Structures are given as C-alpha cells and as structure tokens.
Amino acid sequence: MILPIVAYGDVVLKKKAAPIVENYPDLEALINNMFETMYGAFGVGLAAPQVGLAIRLFVVDTTPFSEDEDYSKEEQLQLKGFKRVFINAEIIEEIGDEWAFNEGCLSIPDVREDVFRKPTITIKYQDENFNIHTETFNGLIARVIQHEYDHIEGILFTDKLSSFKKRIIKGRLANIAKGNISVDYRMRFPLLKKRR
C-alpha cells in the first residue's frame, strides 16, 4: 500500500525518533508499504518519519543509481541491488574528507542542493528480523544511509545548508508546507488549508 509522504513543515520530521521493539505491530507490512511508497515516488531511501511515524526505521535501495554512467563499473555493481532495512540504527563513526553531492528529499520535492558529508561511515543496526549488524559503508551508499539516518534524528538536508542558501529557498519551503506544489506521488501537507 502506498502511504502519503509527509511534507516539509510537519513536526514529525523534526522529532528524534524512538527505538522500536521486535513485537512492533504490523512491522512487516509497514516495511513493505515503505518500500512500495519509496518506489512509487522514485526514491532511493525512505524513513518512517516521512510517513508520519517517529520511529527508528528506514529503508534503502540504491539500485536506481546503478544505471548512472557517471559511476565506475565497480560502483555500479555495489549500488545495484543494495537493498536494506535499518532498524534502531546508530552511526558509530564518520570519517574522511567531506564531499559535496546534490541531494533531494521526497518530503521536500523540487528542492536540490549540495550537501557536504563524510565519505565513510560505520553503522550498527538491526535488520527486519532484528539481527544486529555493524557494517562500514562508503561513497554513495554511505551518503544515502546518512541522509535517511538524519531523518530518524529529526534532521533534514536543508538544515545542513548555509544561512545564505536557507534564505534563498525559504519561500519554496513555505510553499511546500502549504501544498502549493505539484507532485506526482501522494503527500500530506501540514499547512494545507482544508477546502470547505
């Protein structure tokens, strides 16, 4: 089932998400719905706060990036079929020299900006079966994970921009919150005036 994606301006996107336990109700259905919602919006990652749930869960599938000719064959191979569920994730370490990449977000449609992040992360998380993993990722996979991880920490990519950039996009963000934007996937806008 495709869920509505929560738009910029909703308080759930600014909350630090709560851990979840193994008997979380209908977790398998929620995970399936999140993947379906993400694919329906042509995303490569989706966090639970983006569907209105302040819980520490996000899903990632970097396969769409594997078609990009800008990446080496090795990178394309890594990106193809990298599909994971991250529950109760905790980034343990971020290392290396920060690099810029043009990021977007399903909750902030039509806004893309360069964001600086470290290239290598070590993250501890549970999978959909609550098995614990500690893994190191780098490059684009690390970046997608960092972006989604930020969501469960109540951080948006726009929070990482310079105050100058924030001023430039302020009006666009306000329009997104009010629903004054055309999107081709289901969204929930926090400041949309209810039509009588």
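Calculation rules
- Counting restarts for each chain: residues are numbered from 1 in the order of the written sequence.
- Given that this is a predicted model, residues contribute local features only at a pLDDT of at least 70 and side-chain atom pairs are listed and counted only at 80 or more, while totals for whole chains, interfaces and linings are drawn from all residues.
- In computing side-chain values, all of the structure's heavy atoms are included and hydrogens and water are not.
- By the criteria applied, helices consist of DSSP H or I runs no shorter than four residues and strands consist of E runs no shorter than two, each listed in order from the N terminus.
- Only protein chains enter the accessibility calculation, which uses a 1.4 Å probe; a residue whose area is less than 20% of its type maximum is buried, one above 50% is exposed, and one in between is partly exposed.
- Note on definitions: a residue-residue contact is assigned when non-hydrogen atoms from the two residues lie within 4.5 Å.
- Buried residues of nine kinds, namely Ala, Val, Leu, Ile, Met, Phe, Trp, Tyr and Cys, make up a nonpolar core once their side-chain atoms join them within 4.5 Å.
- Note on pairing: two strands pair once DSSP finds at least 2 bridges between them.
- A fitted line through C-alpha atoms represents every axis, and for helices the fit uses only the stretch in contact; the resulting angles, taken between N-to-C directions, go from 0 to 180 degrees.
- When two rings of Phe, Tyr or Trp (its six-membered ring) have centres within 6.5 Å they constitute a pair, described as stacked for plane angles under 30 degrees, edge-to-face for angles over 60, and tilted for the intermediate range.
- By this rule, a helix spans an expected 1.5 Å times one less than how many residues it contains.

Participant: Hey, could you run me through the environment of Ala-100 in this one?
Facilitator: Along the chain, Ala-100 turns up in strand β5 (residues 99-105). Ala-100 gets classed as partly exposed once you look at its relative accessible area, which sits at 32%. Separated by 18 residues in sequence, Ala-100 and Lys-118 have C-alpha atoms that sit 9.0 Å apart. Residues in contact with Ala-100, not counting those within four places in the same chain, are Asp-114, Val-115, Phe-116 and Arg-143.

Participant: Sorry, what's going on with the nonpolar core here?
Facilitator: Generally speaking, soluble globular proteins have nonpolar side chains that are buried together. Ranked by size, the top nonpolar core spans 37 residues in total, and within it Leu-27, Met-34, Leu-46, Leu-57, Val-59 and Ile-108 carry the most contacts. Here the element with the most residues in this core is helix α1 (residues 27-40); it accounts for six residues. Setting aside residues no more than four positions away along its own chain, Leu-57 makes contact with Ile-20, Leu-27, Leu-30, Ile-31, Met-34, Ala-47, Ala-48, Pro-49, Val-85, Phe-86, Ile-87 and Ile-152. Within the second largest apolar cluster, 24 residues are counted, among which are Phe-58, Ile-91, Ile-121 and Tyr-149.

Participant: What's the story with the sheet that holds strand β4 (residues 83-95) in this structure? I'm lost.
Facilitator: Sheets are built from strands that pair by backbone hydrogen bonding, the pairs being arranged parallel or antiparallel. Judged by pairing direction, the sheet is antiparallel, and its five strands sit side by side in the order β2-β3-β4-β7-β8 without closing on themselves. Either end of the sheet is taken by a strand with one partner, and the two such strands are β2 (45-47) and β8 (132-138). Geometrically, the sheet is characterised by an average inter-axis angle of 40° between neighbouring strands, direction not taken into account. Sheet topology places strand β7 (residues 120-126) next to β8; seven bridges connect them, and they run antiparallel.

Participant: Explain unusual backbone geometry to me, please; I cannot follow it from the model alone.
Facilitator: With the exception of glycine, the majority of residues adopt a negative phi angle, and the majority of peptide bonds are in the trans configuration. Unusually for a residue other than glycine, Asp-26 sits at a positive phi of about 55°. Within the fold, Asp-26 resides in the loop between β1 (5-6) and α1. Residue classification places Asp-26 among the exposed positions, given a relative accessible area of 63%. Positive phi, close to 65°, is recorded for Phe-130, a residue that is not glycine. With respect to the helices and strands, Phe-130 occurs in the loop between β7 and β8. A relative accessible area of 10% places Phe-130 in the buried class.

Participant: I tried to follow the packing of aromatic side chains on my own but got confused; where do I start?
Facilitator: For any pair of aromatic rings, geometry is given as the distance between the ring centres together with the angle between the planes. Counted under the stated rule, the structure contains six aromatic pairs. Residues Phe-35 and Tyr-39 carry aromatic rings whose centres are separated by 6.0 Å and whose planes lie at 25° to one another, so their mutual orientation is stacked. One end of the pair, Phe-35, and the other, Tyr-39, are both in helix α1, four residues apart, so they sit about a helical turn from each other. With a relative accessible area of 8%, Phe-35 lands in the buried category. Exposure remark for Tyr-39: the relative accessible area of 36% places this residue in the partly exposed category. On the basis of an interplanar angle of 15° and a centroid distance of 4.8 Å, the ring pair of Phe-58 and Phe-86 is categorised as stacked.

Participant: Help me out: how do you make sense of helix α3 (residues 139-152) in this one?
Facilitator: It helps to recall that an α-helix has 3.6 residues per turn; residues three or four apart then point in one direction. Given a rise of 1.5 Å per residue, 14 residues ought to cover 20 Å, and the 21 Å separating the end C-alpha atoms of α3 matches this to within 8%. The first or second residue beyond α3 is Gly-154, which carries a positive phi of 80°.

Participant: Looking at this structure, I do not really get the pairing of strand β3 (residues 57-61). What am I missing?
Facilitator: A large share of β3 lies buried, amounting to five of its five residues. Of the strand pairs in this sheet, β2 and β3 are connected by three bridges, and their pairing is antiparallel. Note that in β3 the partner of Gly-45 across the bridge is Val-60. Of the pairings in the sheet, the one linking β3 to β4 comprises five bridges and is antiparallel in character.

Bear in mind that shape data such as this cannot, by itself, settle questions of function.
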